[in-house]
Structures are given as structure tokens and as C-alpha cells.
Amino acid sequence: MKLKKFIKFSLIAGVSFCCGVLLYKYKSDISKYFSTPDEIVSASGKVISLSDIDIDTLNLVVSEDNYNILADNRKTAIAAGTLRKEFRDKVGAKLVVGGDSLKVKIRLKGDRPDHWDDEKKWSFRVEVKKGQAYNGMRVFNVQKPKTRGNLDEWAFHELLDHHGLVNIRYYFVNLRMNGEDLGIYALEEFFDKRLIEDNKQRSGVVFKLSTAKYWY
């Protein structure tokens, strides 16, 4: 049974990787045939305005001093061409969702400039204070959807879930920084024991690959 799941996972991962390579290589040719619509048509044929789609709005409230620390980290990363460990300072902030306010620490995230090259739309790692959580998560990332291939990453995790394989919570939110609308962001669960619990698996070791030396 485990072998079958491994084969399924390998096939899905292989196909997704190949599709990703092709999309990355030919995205400029493909993108010219598409534009962002003001409305979409559902499977039932109903026309839905994009403004009517109900998603969570997350507002990160950061003091001016802490925001300046993040801005300085970004400038250093732009000069270096990558976001190294020594300029990933965590700063205190509040995460406001609806009527709830959570204490969090945030930092810039993303090794490559596509995560923070925009003047305002940066990617963040968010860590909620112990004893609190947002939607069952204590640690998660928020980033521009294009840094994860727009819908590609979402579709990949939906496939994993469909086949009963371990997957992270991955969906879209509207992000604000100190009340300023930054638009649609992809929210990506980080790896910890809550991920295992949400997948209804037994507690165990979570492995990850470190790419720190690669960036030097």
C-alpha cells in the first residue's frame, strides 16, 4: 500500500515538475493569450464578479520602526541579489483578521528577488505567538501568487489531498499592510507538527532540505 502511494506521489510530482518547467520556459508566450477578467463563469454557468468572491482579509499592523527594519533588509537583499540569513530580522506586529487580533512576528521571506523586488508587495513569514493560531496554523507564509506559479502550486496540493497524501494548507487571501491593500496573496502553511495533525497522521519527524550554503 505504501509503495502504491509512493508511486502515485512520484508520478504526480514528476508531471507537476515537467509542467512547471514548460510553463516557466514559455510563460511569456502563453501569458499573451490570457488577461485578468473582471468576472468568471462557474461550472453551473453562473457569472461571478471577482469582487464577490469571499476570502479572508489579513491586515498586518507594523510600527514605523519595525517596518523600516524590513525595508532595510529588503535593500540589503536587493544589493546582494538574494535574501541571506543575516538579513532576515524578525519584528513584532499584529495580525488582524475580522474582529480577531493576534500577536505575531514577521520577516521577509523568499531567496530570490521575485519575492521582494516590488516597491510594496513583499513576501513574509508569519509566526503567531504561542498559544494562539490563525486557522489552526502558528507559522505560515504569505507571498505574491506568481512566486508559486499562480494556480500551479494550489493545484498540486489539491492533487495531493485528493490522493490522500500529506499536503499543506494552501489558499488565497487579501493582504493589507497597515491598512494599505496589497491585493491577493497566496497563503502557504509552514512545516511543523500541526501540518501532520491536520493530515491526520501520527506524530513523527519532519525533514527538510537546507539551501543556505547554495546561496553563498
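See the structure printed just above.
Read on for an overview of the structure.

What to know about the pattern of salt bridges
No. 1: Tallying each qualifying case throughout the model produces seven salt bridges.
No. 2: For the salt bridge of Arg-88 with Asp-111, the shortest nitrogen-to-oxygen distance reads 2.6 Å. Placement of the pair is Arg-88 in the loop between α2 (64-80) and β4 (91-97) and Asp-111 in the loop between β5 (100-108) and β6 (124-128), with a sequence separation of 23 residues.
No. 3: Glu-180 is paired through a salt bridge with Lys-120; the nearest N and O atoms lie 2.7 Å apart. Of the two residues, Glu-180 is situated in strand β9 (residues 180-189) and Lys-120 in the loop between β5 and β6; the sequence distance between them amounts to 60 residues.
No. 4: Exposure remark for Glu-180: the relative accessible area of 36% places this residue in the partly exposed category.

Some points on the nonpolar core
No. 1: Counting 32 residues, the largest nonpolar core has Leu-58, Leu-95, Ile-106, Phe-124, Tyr-134, Phe-140 and Leu-187 as the members making the most contacts within it.
No. 2: Counting only elements with at least two residues in this core, the list comes to β3 (57-61), α2, β4, β5, β6, β7 (139-143), β8 (170-177) and β9.
No. 3: Residues within four places of Leu-58 in sequence aside, it is in contact with Leu-95, Val-96, Val-97, Tyr-134, Phe-140, Val-173, Asn-174, Leu-175, Arg-176 and Leu-187.

Comments concerning the sheet that holds β7
No. 1: Strand order around the closed barrel formed by seven strands is β3-β4-β5-β6-β7-β9-β8, with mixed pairing between neighbours. Between one strand and the next, the sheet's axes are offset by a mean angle of 40°, whatever the strand orientation.
No. 2: The pairing of β3 with β8 spans four bridges and is parallel. Paired with Leu-60 across the two strands is Met-177, which belongs to β8.
No. 3: With respect to the sheet, α2 is in contact with β4, β5, β6 and β8, its orientation differing from that of β5 by roughly 30°.

Structural notes on α2
No. 1: Compared with the 24 Å implied by 1.5 Å per residue over 17 residues, the 24 Å span of α2 between its first and last C-alpha is a close match.
No. 2: Buried-residue contacts for α2 involve β4, β5 and β6.
No. 3: One or two residues past the end of α2 sits Gly-81, with phi positive at roughly 85°.

Structural notes on unusual backbone geometry
No. 1: Of note, the phi angle at Asn-135 is positive, near 50°, even though the residue is not glycine.
No. 2: Within the secondary structure, Asn-135 is located in the loop between β6 and β7.
No. 3: Using a relative accessible area of 45% as the deciding quantity, one classes Asn-135 as partly exposed.
No. 4: Within the chain, Asn-150 stands out as a residue other than glycine whose phi angle is a positive 60°.

Considerations on helix α3 (residues 152-162)
No. 1: Of all the positions in α3, only Phe-156, His-157 and Leu-160 are classed as buried. Seen from one end, α3 has its buried residues packed into an arc of 90°, which puts them on one side.
No. 2: Just past α3, the residue Gly-164 takes up positive phi, approximately 75°.

So, the pairing of β6
Look at any regular strand and the pattern is simple: side chains alternate between the two faces of the sheet.
No. 1: In terms of residue burial, β6 counts as a mostly covered element, since four of its five residues are buried.
No. 2: Sheet topology note: the β6/β7 ladder contains four bridges and is antiparallel. Each bridged residue has a counterpart across the sheet, and for Phe-124 the counterpart in β7 is Val-142.

The rules behind each value
Residues numbered from 1 in each chain as written. Predicted model: local features only at pLDDT ≥ 70, side-chain atom pairs only at ≥ 80, totals over all residues. Heavy atoms only, no water. Salt bridge = Lys/Arg side-chain N within 4 Å of Asp/Glu carboxyl O. Helix = DSSP H or I, 4+ residues; strand = E, 2+ residues; numbered from the N terminus. Buried < 20%, exposed > 50% of the residue type's maximum accessible area, 1.4 Å probe, protein only. Core = buried A, V, L, I, M, F, W, Y, C linked by side-chain atoms within 4.5 Å. Contact = heavy atoms within 4.5 Å. Pairing = 2+ DSSP bridges. Axes fitted to C-alpha atoms, helices over the stretch in contact; angles between N-to-C directions. Expected span 1.5 Å × (residues − 1). Arc of directions from axis to C-beta.

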